[in-house]
Amino acid sequence: MTQSGRIFERALRVLPGGVNSPVRAFKAVKTSPIVAKRGFGPYLEDADGNRYVDFLMSWGPLILGHSHPRVVSAVKEAAEKGLSFGLTNPYEVELAEEVVAAVPSAQKVRFVNSGTEAVMSALRLARAATGRKYLVKFAGCYHGHYDAVLVSAGSGVATFGLPGTPGIPEEVARLTFVLPYNDAEAVRNLFAQRGEEIAAVIVEPVAGNMGVVPPEEEFLKTLREETKKHGALLIFDEVITGFRLSLGGAQEVFGIEPDLTTLGKVVGGGMPVGAYAGRRELMERIAPEGDVYQAGTLSGNPVAMAAGLATLRELKEKNPYRELEEKTASFVRELSNLLTERGIAHTYNRVGSMFTVFFTDRPVRNYDDAQTSDLELFARFFGALLKNGVLIPPSQFEAWFLSTAHDEKVLEEALEGIKRAIGEL
Ligand code: HOZ
């Protein structure tokens, strides 16, 4: 038995499913999970010493690659001064200043510990600010595991084919309307009927949790127009796209300002950080300035803030976005050519440095399309890639990520592994 196998066997005895987040169990790809030992730059090494070119990249945070020296030294320096104070510290102020400077719609920001927490808090704020209770989300979008948004969700919920989850009262689920992604007409119709009851529309401005699905131009514009017209708030869930597509996120790329933005992943540089941000008068409703309560012992943790700060400063100084996009575009084109040469029907979606390959012959513009992908073939593709030194997300309904550490040579190495893997399908 492998070392990974041995560790996972022990894990199964003490952790539900052997994991602390379902997608890590590799169930959908019918492969034994690997146990991570270390990461360096674009590579991940498992407990048996196997090295993989990593396109999972911790599900998105590691835009600078694993263990970037600047981030690691910032973490060490902060840790030596204290792991947690439960008091205001300078790092959180500096990180907030960076967020406010970069994200177009952010005038004030509150840090929390995960994307889920950010979403939960932003939705509470939206309900308080509007005095309404209904929410709108889109099928296949995933906004963390908060009750209100775990209906028709992407990510792990899609991966395991779950219709929803027990434990969420029907009364709660009924407060969330679910519409198809990229369907501006459906949005207009719903607002025409129920517009005055809707507190907020929450959307991934580029979907990343049904695989990558870019927004059609009219879609985001319609969301902005309809929410404004009916006094509802527009929330962009930029947990994946924030600081990933550009320093100002998807809202900067598409030129549309939401009322509230949720952040996570890159903003924490690999540490557990989430955040929600928005216009001053909205954010000032949050306690202790206002009456909407939300708190956390470890929120704004100095070590986590230091990691985020080092990451954002590196991004600001180096501005790697154009290069990242070009590298990713040419990589995914070559990958697609390899599949075509082998006669495998597929399509891919890419935005910036995130992309997904779907094994279907129709364009993927919503969750129904994404579900036409051949999941059996995806599972075999995943296994063959792993055997050939390439790690991708163990689910069809996720994004692959490139980092600044994925240079030409590494991508060449990955393409060789991919070519061998395709040959084995
Ligand atoms: N937050 C990730 C969604 N793309 C998945 C990570 C997880 O659920 O563990």
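Note: the structure precedes this text.
What you see is a predicted model; the values in this text were computed from it and never measured. (Residues numbered from 1 in each chain as written. Predicted model: local features only at pLDDT ≥ 70, side-chain atom pairs only at ≥ 80, totals over all residues. Heavy atoms only, no water.)

### Structural notes on the packing of helix H7 (residues 184-194) against helix H8 (residues 217-230)
Then, in step 1: Look at H7 against H8: their axes get within 9 Å of each other, and the N-to-C directions meet at 10 degrees. When the interaxial angle is binned, H7 and H8 end up roughly parallel. Residues Ala-184, Val-187, Arg-188 and Phe-191 of H7 form the contact with H8, whose own contacting residues are Glu-218, Phe-219, Thr-222, Leu-223, Glu-226, Thr-227 and His-230.
Then, in step 2: Within the contact of H7 with H8, the residues separate by chemical class into five nonpolar, three polar and three charged. (Axes fitted to C-alpha atoms, helices over the stretch in contact; angles between N-to-C directions. Helix = DSSP H or I, 4+ residues; strand = E, 2+ residues; numbered from the N terminus. Parallel < 35°, antiparallel > 145°, perpendicular 65-115°, else oblique. Contact = heavy atoms within 4.5 Å. Nonpolar A, V, L, I, M, F, W, Y, C, P; charged D, E, K, R; others polar.)

### A closer look at the site of the ligand
Then, in step 1: Taken together, Ser-21, Val-23, Trp-59, Ser-155, Asn-209, Lys-265 and Glu-398 are the residues near the ligand.
Then, in step 2: The contact in question runs from an oxygen atom of the ligand to an N or O atom on the side chain of Ser-21, over 2.5 Å.
Then, in step 3: The separation between a nitrogen atom of the ligand and a polar side-chain atom of Lys-265 is 3.0 Å.
Then, in step 4: Here the ligand has 290 Å² of accessible area as a free molecule, and 83% of this is covered by the chains.
Then, in step 5: Across the shell around the ligand, the residue classes break down as two nonpolar, three polar and two charged. (Near = heavy atom within 4 Å. Polar contact = N/O pair within 3.5 Å; in protein donor to acceptor, adjacent residues only side chain to side chain. Areas by Shrake-Rupley, 256 points an atom, 1.4 Å probe, with all protein chains shown as cover.)

### Some words on the nonpolar core
Then, in step 1: If you look at the biggest cluster of nonpolar residues, it comprises 72 residues, and the most contacted ones within it are Phe-55, Phe-243, Phe-331 and Leu-335.
Then, in step 2: Not counting chain neighbours up to four residues away, the residues in contact with Leu-335 comprise Phe-355, Val-357, Phe-381, Trp-400, Leu-415 and Ile-418.
Then, in step 3: With 31 residues, the next largest nonpolar core counts Tyr-134, Ala-186, Val-201 and Ala-207 among its residues. (Core = buried A, V, L, I, M, F, W, Y, C linked by side-chain atoms within 4.5 Å. Buried < 20%, exposed > 50% of the residue type's maximum accessible area, 1.4 Å probe, protein only.)

### Points about the pairing of strand S3 (residues 51-54)
Then, in step 1: By the bridge criterion, three bridges tie strand S2 (residues 43-46) to S3 in an arrangement that is antiparallel. Following the sheet pairing, Glu-45 is matched in S3 by Arg-51.
Then, in step 2: Connecting the antiparallel pair S2 and S3 is a turn made up of four residues, with Gly-49 showing a positive phi of about 85 degrees. (Pairing = 2+ DSSP bridges.)

### Some details on unusual backbone geometry
Then, in step 1: A cis geometry characterises the amide bond from Ala-287 onward to Pro-288, with omega recorded as 10 degrees.
Then, in step 2: Secondary-structure assignment places Pro-288 in the loop between helix H10 (280-283) and helix H11 (302-318).
Then, in step 3: Although it is not a glycine, Phe-243 adopts a positive phi angle of roughly 65 degrees.
Then, in step 4: Along the chain, the position of Phe-243 falls in the loop between strand S8 (233-237) and helix H9 (249-254).
Then, in step 5: The exposure class assigned to Phe-243 is buried, which follows from its relative accessible area of 1%.

### Comments concerning helix H12 (residues 321-341)
Then, in step 1: Between its terminal C-alpha atoms H12 stretches 30 Å, which fits the 30 Å expected from 21 residues at 1.5 Å a residue.
Then, in step 2: For H12, the complete set of buried residues consists of Tyr-321, Leu-324, Lys-327, Thr-328, Ala-329, Phe-331, Val-332, Leu-335, Ser-336, Leu-338 and Leu-339.
Then, in step 3: Among the structural elements, H11, strand S11 (347-351), strand S12 (354-358), helix H14 (375-387), strand S14 (400-401) and helix H15 (408-423) are those in contact with the buried residues of H12.
Then, in step 4: Where H12 ends, the next residue or the one after it, Gly-343, has phi of about 75 degrees, a positive value. (Expected span 1.5 Å × (residues − 1).)

### Some words on the packing of aromatic side chains
Then, in step 1: A complete count under the given rule lists 13 aromatic pairs for this structure.
Then, in step 2: On the basis of an interplanar angle of 45 degrees and a centroid distance of 5.9 Å, the ring pair of Phe-55 and Trp-400 is categorised as tilted. Taken as a pair, Phe-55 in the loop between S3 and helix H2 (69-81) and Trp-400 in strand S14 lie far apart in primary sequence, 345 residues in all.
Then, in step 3: Plain terms: the ring middles of Tyr-367 and Phe-397 are 6.1 Å apart, the flat faces sit at 75 degrees to each other, and that makes the pair edge-to-face. Placement of Tyr-367 in helix H13 (residues 367-370) and of Phe-397 in the loop between strand S13 (390-391) and S14 is noted, with a sequence separation of 30 residues between them. Of the two residues, Tyr-367 and Phe-397, neither departs from the other in class, the shared state being buried.
Then, in step 4: The ring of Tyr-43 carries Arg-51 above its face, with NZ or CZ at 3.9 Å from the centroid.
Then, in step 5: Stacked on the ring of Tyr-134, the Lys or Arg Arg-194 has its end atom at 5.2 Å from the ring centre. (Phe/Tyr/Trp six-rings, centres within 6.5 Å; stacked < 30°, edge-to-face > 60°. Lys NZ or Arg CZ within 6 Å of the ring centre and 35° of its normal.)

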